[in-house]
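A look at the structure
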Amino acid sequence: MDVLLTPSGGKEHLLLGNEAIVRGALEAGMAFATCYPGTPSSEVPDTLYRLRKQFPNKVKYYFEYSTNEKVALECAAGAAASGVRTLCTMKHVGVNVAADPLMTLAYVGVRAGMVLLTADDPSLFSSQNEQDNRYYARLSGLPMLEPCGPAEAKEMTSHAFDLSEELGTPVFIRTTTRVNHAREAVKLAKLGKVKQKSKFVKAPMQFVTVPAVSRNLHLRLLNIHKQAAALSESSPWNKISGRGKLGIITNGVSYNYVADAVADLGAKSKIKIFKVGMSYPLPEKKLANFLKSVDKVLVVEELEPIMEEAARAIAQEKGIKVQIVGKMPGQIPAKSVDVEIPKFLSRAFEYNPRLVRSAIAKAFGLKYKGTAELKLTGMPAPPGRPPNLCPGCPHRATYHAVKEVMGDEAIYPTDIGCYTLGLLPPIQAADFLICMGSSVSSAGGISRATGQKVVAFIGDSTFFHSGITGLVNAVHNNHNFTLVILDNGTTAMTGHQPHPGVNTDSIGDITTHVPLEPLVRGLGVKHVTTIKPFKVRASKKAIKEAVAHDGVSVIISKELCPLFAKRVAPTSKKPFYVNQDKCKGHMDCIKKVACPAMFVEDGQARINPMQCIGCALCAQICPENAILPVKAKA
Amino acid sequence: MKALGHDPLDIVITGVGGQGNVLASQVLGRALLTAGYEVTVGETYGLSQRGGPVMSQVRLSSGPVLGPLMPEHRATAIVSLEPLEALRVLGTYGHPDVIVITNDRPLRPLAVLAGEQAYPGDQELKSTLASLCARLWALPATEAALELGNHILANVVLLGALCALELMPIGANEVEEALASMFPEKLMGPNRAALARGAELLKEG
């Protein structure tokens, strides 16, 4: 039995932030969950999926990986309007995809508790931007709770269902990577009772948003906001600790850095901390009293100066003479966090304990008497270790074939997944990327505007997520480019979640498989070819034909992700080796393929048999035919 | 409950994606929690799962729960599954009193494999690491793991070495129990052997 399904409460367990959110939902009696996976949110749906699969008789909720976040939120909205407690999870940029239903779901509200998790990613560990989704609470008018760590994440998630039901509106839980991916002791409460089924009660004057209805619903939303603002004043999540005439207002994981730093600085008797947990609507009266009670306030919040602006507005409105400092007016770090860890509070990148400590010391004129720091002058700079495609990754083979045919002249819009690593040398087949699905649609724009040859890349999961409409658009508007769908049979980057194109038999799911090729043909694409990317010559031939086609052509490059295949369809391919008598040191294998299983020794290529999985790509590239499979032991 | 020699006690576990350092930190976290300590584990990964650096931090205190990140230059000990990654982490979390236990088996980044960048020589790397910390143990953890049948056990070998340091308020027994709560009994034989081998390696110096 998994600890997350322990029926009784009381025990403490070390839980990941995302597991704590799952437990919180189960303690609240969640009956329905939808998502689109994405770091740092993925372990929430992955845990729900795993529990349902491992313990089908114990688990009482419905769960699905939806095709994208918009679909996930709409599906969840239907369930919540029907009266069952619902969780919907996504990463921060996923909320952009779901923003359309979100804004009007806020109008119609819910009939049972509904929680929307937005997992933000300051410092962009695995994202295309670091937008601050606290703005979505303000844009939609929905309440928002922000936990500082796993224990609070569990409590808040559970509470958010009650709050949502009380207000009749969805509630946001907003986390950041450091909360999702931290582990700490979480004390369990009892599992909640689950209302699994309900009945949809018709109420078109609430749920059908024609203008005349929505005018009333906007007023409904504003009234709920007023009610939520009152709840925020007394919310247990907005709490003040410590004493003194200096104040810090903070939220989320920054609270931990502040608490650690105040202790480090020996300033516990001088500084009091306002920890904002219900961050929308803000508890304005409570904040006003806090501002009145101190001489100077520092606001410590990652990304946008939302609470800082609010504090300034409150002080101005109430005529409170308190000095407020934070990140405004807005100093900008000179360099990316990859090059230099920021030295001052700004709107860019995540904060860290030293940065917060020095900001507090500076704001309040305190001295830090800590341990000596290491002088690192003269330390050799370690060579970088950028991520790369795995040994035997089929994307490498597809990229190789396309580059052999198209060279560097073609424009390569790309998309979001492991294959985005095609940006790096030697592949360098990535020219444009802004979001999931942008490869397909931007390809039309680039080819129309320039007449240049365009070959776009998209993964199978991403194609289902948001490539389909772009492809229909391209067919309808007679665009002219080739789309390569990198079909590795799974959602590899985020941890091998299923999607509609996955062969469900292989993973024992009861969902329905939507095969890619008939789908693409059904969208109206005339030239569609499925290739096996490790058959290099045949692949190149198919690509040549596809790019010669006038109009939209699609290549489906079909080969399982080797990490996924290891689990669902293990093969016994032999690793390869380089015959040293034959290798003349052309280095085509190394230069064109960049496989982590290969290395250079004595001017020749070598293969690490521990890493090679026998994909045979390099063997087909070697001009001397010097790369051969290791023979079975005699 | 034993008093902490260092309070807070901050341990960095680092390595390359796929080496099992997140698992090692989870095992340590479980063992410490079971022993009654306040423990926070922070994990740093992302795209790094595809062969990039992965770091996790285990923070232990007798007092309130700490944040998931330790301040820069404040690690008590650094455990690294790869020697170059020990050097990288030292730059951010090191200080003259830090203790370093590292696997001595390099995993060369792609640009090094392709001959475009240089990986420091074994001796150069060891002496650099030694000069940046109070005590360095460069142990053949991968070699030991391979002798036990699977290179993936290198993380448990290093946990065994870390326990033998007696820096933490728990020892190999508690770590073994945490492992046993996560793995089926049939995998515990090699895990126990790996813990014991790590302790031996540390004592051999």
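Structure report, in brief. Note that the structure is predicted; figures quoted are calculated from it, not measured.

From N to C terminus, chain A includes 23 helices and 22 strands. Once the C-alpha set of chain A is aligned to its principal axes, its extents read approximately 80 × 70 × 55 Å. A burial count over chain A gives 59% of its 634 residues as buried. When the accessible surface of chain A is totalled, it reaches about 26,500 Å², and 55% of it is carbon and sulfur.

Tallying secondary structure elements over chain B gives eight helices and six strands in all. Ordered by position in the sequence, the α and β elements of chain B form the string β-α-β-β-β-α-β-α-α-β-α-α-α-α. Relative to its length of 205 residues, chain B is compact, with a C-alpha radius of gyration of 16 Å against a globular reference of 17 Å. Its C-alpha atoms give chain B principal-axis dimensions of roughly 50 × 40 × 35 Å. Here chain B, with 205 residues, has 60% of them falling under the buried criterion.

With that out of the way, let us pick up the environment of Phe-290 of chain A. Residue and element names in this part refer to chain A. Checked against the element boundaries, Phe-290 lands in helix 12 (residues 284-292). Along the chain, Phe-290 and Phe-161 lie 129 residues apart, while their C-alpha atoms are 29 Å from each other. Residue contacts for Phe-290: discarding those within four places in its chain leaves Ile-240, Gly-247, Ile-248, Ile-249, Lys-272, Ile-273, Phe-274 and Val-297.

On to the interface of chain A and chain B, then. With 54 residues of chain A in contact, the opposing surface of chain B contributes 58 residues. Both sides of the chain A and chain B interface together cover about 4,700 Å² of buried area, and 61% of this is carbon and sulfur. Inspection of the region where chain A meets chain B yields six salt bridges. For Arg-74 of chain B, the salt bridge goes to Asp-264 of chain A, with nearest N and O atoms at 3.3 Å. Applying the counting rule to chain A against chain B returns 15 residue pairs in polar contact (both at pLDDT 80 or more). Where the side of chain A that touches chain B is concerned, the elements lending two or more residues are strand 1 (12-16), strand 8 (182-187), helix 11 (254-264), helix 14 (353-364) and strand 20 (598-601) of chain A. Partitioning the side of chain A that touches chain B into residue classes produces 34 nonpolar, eight polar and twelve charged. Strand direction decides the pairing type here: strand 8 of chain A and strand 2 (residues 38-44) of chain B, joined by three bridges, are antiparallel. When the bridges of strand 2 of chain B are listed, Glu-184 of chain A appears paired with Thr-40 of chain B.

Moving on, we get to the sheet that holds strand 1 of chain A. Taken together, eight strands build an open sheet; the order of strands is 1(A)-8(A)-2(B)-3(B)-1(B)-4(B)-5(B)-6(B) and the sheet is mixed. On the outer flanks of this sheet lie strand 1 of chain A together with strand 6 (135-139) of chain B, each paired with one strand and no other. Between one strand and the next, the sheet's axes are offset by a mean angle of 20 degrees, whatever the strand orientation. Across four bridges, the pairing between strand 1 (residues 9-16) of chain B and strand 4 (residues 77-80) of chain B is parallel.

What follows covers the side chain of Lys-154 of chain A. All names here are of chain A. With respect to the secondary-structure elements, Lys-154 resides in helix 7 (residues 150-167). Assessed through its relative accessible area of 1%, Lys-154 is described here as buried. A polar contact is formed between the side chain of Lys-154 and the side chain of Glu-27, at a distance of 2.9 Å. In contact with Lys-154, other than residues within four places in its own chain, are Ala-20, Arg-23, Gly-24, Glu-27, Val-186, Lys-187, Leu-188 and Ala-189.

To continue, consider the layout of surface pockets. Volume-wise, the second largest pocket comes out at about 1,700 Å³. In terms of lining residues, the second largest pocket is bounded by 49 residues, among which Val-337, Asp-338 and Ile-341 of chain A together with Arg-88 and Thr-92 of chain B are the most central. Elements with a minimum of two residues in the lining of the second largest pocket: helix 14 of chain A together with strand 3 (53-61) and helix 2 (83-93) of chain B. Of all the elements, helix 2 of chain B adds the most residues to the lining of the second largest pocket, at seven residues.

On to the sheet that holds strand 9 (residues 239-242) of chain A, then. All names here are of chain A. Strand order in the open sheet made by the five strands is 9-11-10-13-14, with mixed pairing throughout. In the strand order of this sheet, the two ends are held by strand 9 and strand 14 (323-325), each with one partner. Each adjacent strand pair in this sheet contributes to an overall mean axis angle of 20 degrees, direction not counted. The pairing of strand 13 (residues 296-300) with strand 14 spans three bridges and is parallel. Paired with Lys-296 across the bridge in strand 14 is Gln-323. In the packing of helix 14 onto the sheet, contacts are made with strand 10 (246-251), strand 11 (271-276), strand 13 and strand 14, and the angle to strand 13 comes to roughly 160 degrees.

Calculation rules
Residues numbered from 1 in each chain as written. Chains lettered and ligands numbered in written order. Predicted model: local features only at pLDDT ≥ 70, side-chain atom pairs only at ≥ 80, totals over all residues. Heavy atoms only, no water. Helix = DSSP H or I, 4+ residues; strand = E, 2+ residues; numbered from the N terminus. Buried < 20%, exposed > 50% of the residue type's maximum accessible area, 1.4 Å probe, protein only. Areas by Shrake-Rupley, 256 points an atom, 1.4 Å probe, with all protein chains shown as cover. Rg over C-alpha atoms; globule rule 2.2 N^0.38 Å. Contact = heavy atoms within 4.5 Å. Buried area = accessible area lost by both parts, 1.4 Å probe. Salt bridge = Lys/Arg side-chain N within 4 Å of Asp/Glu carboxyl O. Polar contact = N/O pair within 3.5 Å; in protein donor to acceptor, adjacent residues only side chain to side chain. Nonpolar A, V, L, I, M, F, W, Y, C, P; charged D, E, K, R; others polar. Pairing = 2+ DSSP bridges. Axes fitted to C-alpha atoms, helices over the stretch in contact; angles between N-to-C directions. 1 Å grid on protein atoms, 1.4 Å probe; cavity = no way out; pocket = protein on both sides within 12 Å on 5 of 7 lines; lining within 4 Å. Points joined across faces, edges and corners; volume = space filled by probe spheres on them.

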